[in-house]
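Architecture at a glance
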Amino acid sequence: QVQLVESGGGLVQPGGSLTLSCAASGSIRIAYDMGWYRQTPGKQRELVAAITRGGRTNYADSVKGRFTISRDNVKNMVYLQMTSVKPDDTGVYYCNVGAETRWSGVREDYWGQGTQVTVSS
């Protein structure tokens with residue numbers, strides 16, 4: 001079907017930077033909205049950033065001015081550039097894509113397994 005694999009997570013110091021990558025593969029006819037969500041224990045999974053196929057972006061207020069989402073429609077990849085990171089940015093980051101497969105006209109959501117980001121000194 002569709003598989004999403006995240007990479008780039010790890011330990012980073014406050015004020016530092018890192019970039020998350022998500023590679024989508026499988027029987028994708030077209031990928032629509034793509035985004036990054038994060039999960040923190042005791043909290044609901046929340047939208048961090050999203051980007052449409054045409055490049056329109058949306059960010060959570062807490063990351064505006066610090067994170068940048070981008071995508072490559074040829075490679076079916078989405079990225080999250082994180083700068084000036086804070087301890088509150090800690091969490092498991094999940095890649096999400098809304099896509100139609102080659103054999104179905106139904107748009108469905110697909111999720112990656114998540115990658116851990118820890119901001120600490």
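The structure we're discussing is the one just above.
Residues numbered from 1 in each chain as written. Predicted model: local features only at pLDDT ≥ 70, side-chain atom pairs only at ≥ 80, totals over all residues. Heavy atoms only, no water.

1. A word on the pattern of salt bridges
- One pass over the full model with this rule turns up five salt bridges.
- Across the pair Lys 64 and Asp 61 runs a salt bridge whose closest N-O atoms are separated by 3.1 Å.
- Given a relative accessible area of 65%, Asp 61 falls into the exposed group.
- A single network of salt bridges, built from pairs that share partners, joins Arg 38, Glu 46, Arg 66 and Asp 89. (Salt bridge = Lys/Arg side-chain N within 4 Å of Asp/Glu carboxyl O. Buried < 20%, exposed > 50% of the residue type's maximum accessible area, 1.4 Å probe, protein only.)

2. Let's talk about the environment of Arg 29
- In this structure, Arg 29 sits in strand β4 (residues 28-39).
- For Arg 29, a relative accessible area of 43% translates into the label partly exposed.
- For the pair Arg 29 and Glu 100, spaced 71 residues apart in sequence, the C-alpha to C-alpha distance is 5.5 Å.
- The contact partners of Arg 29, leaving out residues within four places of it in the chain, are Glu 100, Thr 101, Arg 102, Trp 103, Ser 104 and Gly 105.
- A distance of 3.1 Å separates a polar side-chain atom of Arg 29 from the backbone oxygen of Thr 101. (Helix = DSSP H or I, 4+ residues; strand = E, 2+ residues; numbered from the N terminus. Contact = heavy atoms within 4.5 Å. Polar contact = N/O pair within 3.5 Å; in protein donor to acceptor, adjacent residues only side chain to side chain.)

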